[in-house]
Amino acid sequence: MSILEVRNIRKSFEHTEVLKDISFSMEQGQAVSIIGSSGSGKTTLLRCLNFLETPDEGIIRVNGETLFDSAAAESRSDASIRKKRLHFGLVFQSFNLFPQYTALENVMLAPNLLSKESGTADRDAIRTRALELLDQMGLSDRTDRYPHQLSGGQQQRVAIARALALHPDILCFDEPTSALDPELTGEVLRVIRSLAEQKTTMIIVTHEMSFARDVSDFAIFMDGGIILEQGPSTELFDNPKMERTKQFLSALQS
Ligand SMILES: Nc1ncnc2c1ncn2[C@@H]1O[C@H](COP(=O)(O)OP(=O)(O)O)[C@@H](O)[C@H]1O
Ligand SMILES: [Mg+2]
């Protein structure tokens, strides 16, 4: 059974259809990269998976559980959306840390809120887990710093720890290094690479082509709201079949 199954997703904004019949699936432990020009619909797709946008049509299944089915009226209610969102973690281009909280507090915040709601508050366990994650991100000496006291690369690593703190089934990255100075992209790509080595299930939207080729098992090329080509990443990057994919890749490599 696939960990994620996306079937026939469509999404329009006003009169523009931004996603046109998107279907793909992925397996537990896989890293999937999504590439494509600006405006091709990559962010909208991630936002649909994270329930920040509601698809107009389609089905989203995680571990066989149908989280969204446009044919079922119930899927459109807000009540269960927060719970569904927990299946996915999302790391944004612009970090989006809470400026008034330290690195450690940023990582602990959501798990604390959630455990309070469910009446299972175990602040010590949450703190221990947050410290472990920050350590894994190479930030054990930065846990008490506020976002403005951290570099962009450090902030993004805190954001990754924060996304992992809720144990998502699938961790999604939306151009995680695009807002960083070039000398800071390496440290973020390194932690993503190590997550891939630990078989973290991930979807990575990126313009870092050689990184995507190395790290991902599977790659998806989006163009104008459709998946123009998808396949094992070595094949897609080294031997693309569609003329448009070839053009896109060669434009970035030159
Ligand atoms: N909230 C929105 N309202 C209207 N148009 C949007 C909205 N979000 C995205 N779009 C449009 O959808 C298209 C795809 O955008 P996006 O998903 O951000 O692409 P990408 O991430 O591949 O650059 C763009 O033309 C963008 O202008
Ligand atoms: Mg985008």
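Presented here is a report on the structure given in the accompanying data block.

## Considering the pattern of salt bridges
- One pass over the full model with this rule turns up 13 salt bridges.
- With its nearest N and O atoms 3.8 Å apart, the salt bridge here joins Asp-214 to Arg-213.
- Taking relative accessible area as the criterion, Arg-213 reaches 30% and is therefore assigned partly exposed.
- When salt bridges that share partners are traced, they join Arg-193, Arg-213, Asp-214 and Asp-238 into one network.

## Here we look at the site of ligand 1
- Neighbouring ligand 1 are Phe-13, Val-18, Ser-37, Ser-38, Gly-39, Ser-40, Gly-41, Lys-42, Thr-43 and Thr-44.
- A distance of 2.7 Å is found between an oxygen atom of ligand 1 and a backbone nitrogen or oxygen belonging to Gly-39.
- One of the side-chain N or O atoms of Thr-44 is found 2.6 Å from an oxygen atom in ligand 1.
- Counted by class, the shell around ligand 1 contains two nonpolar, seven polar and one charged residues.

## Topic: the packing of helix α3 (residues 103-117) against helix α5 (residues 152-164)
- Two numbers describe how α3 lies on α5: the axes approach to 8 Å, and their chain directions differ by 25 degrees. With respect to each other, α3 and α5 are oriented roughly parallel. In terms of crossing hand, the pair formed by α3 and α5 is right-handed. Seen from α3, the contacting residues are Ala-103, Asn-106 and Val-107; seen from α5, they are Val-158, Ala-161 and Arg-162.
- A per-class count over the contact of α3 with α5 returns four nonpolar, one polar and one charged.

## Considering the state of the cysteines
- Here the structure, examined in full by the defined rule, presents zero disulfides.
- Here Cys-48 is not cross-linked by a disulfide; its sulfur's nearest cysteine counterpart is in Cys-172, at 12 Å.
- Overall, the relative accessible area of 0% leaves Cys-172 in the buried class.

Criteria and cut-off values
Residues numbered from 1 in each chain as written. Chains lettered and ligands numbered in written order. Predicted model: local features only at pLDDT ≥ 70, side-chain atom pairs only at ≥ 80, totals over all residues. Heavy atoms only, no water. Salt bridge = Lys/Arg side-chain N within 4 Å of Asp/Glu carboxyl O. Buried < 20%, exposed > 50% of the residue type's maximum accessible area, 1.4 Å probe, protein only. Near = heavy atom within 4 Å. Polar contact = N/O pair within 3.5 Å; in protein donor to acceptor, adjacent residues only side chain to side chain. Nonpolar A, V, L, I, M, F, W, Y, C, P; charged D, E, K, R; others polar. Axes fitted to C-alpha atoms, helices over the stretch in contact; angles between N-to-C directions. Helix = DSSP H or I, 4+ residues; strand = E, 2+ residues; numbered from the N terminus. Parallel < 35°, antiparallel > 145°, perpendicular 65-115°, else oblique. Left-handed = near helix turned anticlockwise from the far one by under 90°. Contact = heavy atoms within 4.5 Å. Disulfide = S-S within 2.5 Å.

Worth remembering: the numbers are spatial, not functional.
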